Amino acid sequence: MGNSFWQSCCHPHAKLNRLDKLVNFLLGISLKLEKVTPNDKKALEQSRRAIERSNAGYEKVVDEIWQVEEKTFERLSGSGGPVKVLFHRPRGCDRKSLPLVLWVHGGGMVLGSYRDLWGLRFLKLAQGRHGPICFASIQYRFAPEFKFPAAVDDFVSAYRKSLGYCTSKISVAGVSAGCLVACHGLLRLERWLPAALLYPMVDPTMSSESHQLFGTLPSCPSKFLRTSWDWLLSDGDGNVREDLKKDANLLESDFSVLGKFNNKILVATASCDCLRDEGRELAKKLAEAGADVTALEGHGSHCLPHLLDSDFRDRIYESYLRNILPG
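Predicted model, so just to flag it, every value in this text is computed and none were measured. (Residues numbered from 1 in each chain as written. Predicted model: local features only at pLDDT ≥ 70, side-chain atom pairs only at ≥ 80, totals over all residues. Heavy atoms only, no water.)

A. Expanded view of helix α9 (residues 222–233). The first and last C-alpha atoms of α9 sit 16 Å apart over 12 residues, in line with the 16 Å expected at 1.5 Å per residue. Most of α9 sits out of view: nine of its 12 residues are buried. For α9, the complete set of buried residues consists of S222, F224, L225, T227, S228, W229, W231, L232 and L233. Elements in contact with the buried residues of α9: α3 (41–54), α7 (177–189), α8 (209–214) and α10 (242–248). (Helix = DSSP H or I, 4+ residues; strand = E, 2+ residues; numbered from the N terminus. Expected span 1.5 Å × (residues − 1). Buried < 20%, exposed > 50% of the residue type's maximum accessible area, 1.4 Å probe, protein only. Contact = heavy atoms within 4.5 Å.)

Rendered as structure tokens:
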């Protein structure tokens, strides 16, 4: 508890407001991500259970607004069993003309759930400002049990089913590691949809300055991300494969396909996030490839600025509703 307190409240580089410090402290003592190491699968299971507990309010929030149906699809990409998707439709509304958001949750590629309270709240606020929307939350496979690109196969299979919707009504939104899955999926499909990439995790080299500055914050510690990347990209003996490391790195990906579509992309970053610099570089790379990119950065730590700063929240949703969410 002591280390989480000092890293949250007395961090040498992250000048956080009081609420951000409190959230970091609470995440540190509940998720204990800094304890997840390559040789300690027990710590990973404890963090996975903590994530499940943090999503405990999902049913209460969702029941107020959406009807939920779990759909299981035959896999259309890669090997493995069926793909599961939670489909959310506004209560009392069955129109197929509604926008459909493919939501991809975060969790460092090693934990999380498609019953994702963070994403649910993000889309609840979007619906409150836009009007009725549907969204499909994809359950993708995690490391270390499954390696890259298993999660991308899951995304591609879910998209190809597309739940009977016209592609002109579909957009993509993901947070943190979910952005990695979504971007690789869209590249595989060679069909780039309007996309919101929130606080993205995209670079397995982790060589940026922001990792050095903010990598000890409990909400998203670099030590945890290093373990996550190594699990995702390793062979059966636990050795990181350089070919997978290169293939997984979105900053080394070819985004030239973007020139065919002229779609809009929102990239949101946080000023005190260890992932800040790779998010900035991703936005730059997407713009250079021909995408219409809106890059917004809020003050705070990983995934928190739009929750704690009303002005930044307004900017996020103004861009999201105007540029990303189909009418």
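B. Main features of the pattern of salt bridges. Under the defined criterion, the tally for this structure stands at 17 salt bridges. A salt bridge links D154 to R75; the shortest N-O distance between them is 2.8 Å. With D154 in helix α6 (residues 150–161) and R75 in the loop between β1 (66–73) and β2 (83–90), this residue pair connects regions lying 79 residues apart in the sequence. R75 sits in the buried class, given a relative accessible area of 12%. One salt bridge in this structure joins D277 and R280, with 3.8 Å as the shortest N-O distance. In this pair, D277 and R280 are both assigned in helix α11 (residues 276–288), three residues apart and thus about one turn of the helix distant. Residue D277 is classed as buried on the basis of its relative accessible area of 14%. Judged by relative accessible area, which is 38%, R280 ranks as partly exposed. (Salt bridge = Lys/Arg side-chain N within 4 Å of Asp/Glu carboxyl O.)

C. Broad picture of the environment of L325. Tracing the chain through its elements places L325 in the segment after α13 (310–324). L325 sits in the buried class, given a relative accessible area of 6%. Each C-alpha atom, one on L325 and one on A195, is 8.4 Å from the other, the two residues being 130 residues apart in sequence. Not counting the four nearest positions on each side in its chain, L325 is found in contact with P99, V101, H130, I133, S171 and Y320.

D. The arrangement of the packing of aromatic side chains in detail. The final tally for this structure, using the stated rule, is eight aromatic pairs. Seen in terms of ring centroids, Y140 and F142 are 5.6 Å apart; in terms of plane orientation they differ by 90°. Their pairing is edge-to-face. Residue classification places Y140 among the buried positions, given a relative accessible area of 2%. For the pair W192 and F255, a centre-to-centre distance of 5.8 Å together with 75° between the ring planes defines the contact as edge-to-face. Remark: F255 occurs in the loop between α10 and β7 (264–270) and W192 occurs in the loop between α7 and β6 (195–198); sequence separation between them is 63 residues. Assigned by exposure class, W192 and F255 land together as buried. (Phe/Tyr/Trp six-rings, centres within 6.5 Å; stacked < 30°, edge-to-face > 60°.)

E. Spatial organisation of a positive patch on the surface. A surface patch of like charges, here positive, comprises K32, K35, K42, R49, R53 and K223. Examining the composition of the positive patch, we find that three residues originate from one element, α3, more than from any other. Within the secondary structure, R49 is located in helix α3. (Patch = residues over 30% accessible without salt bridge, like charges linked within 9 Å, V, L, I, M, F, W, Y side chains within 5 Å. Areas by Shrake-Rupley, 256 points an atom, 1.4 Å probe, with all protein chains shown as cover. Lys, Arg positive; Asp, Glu negative; His and termini not counted. Charge placed at Lys NZ, Arg CZ, Asp CG, Glu CD.)

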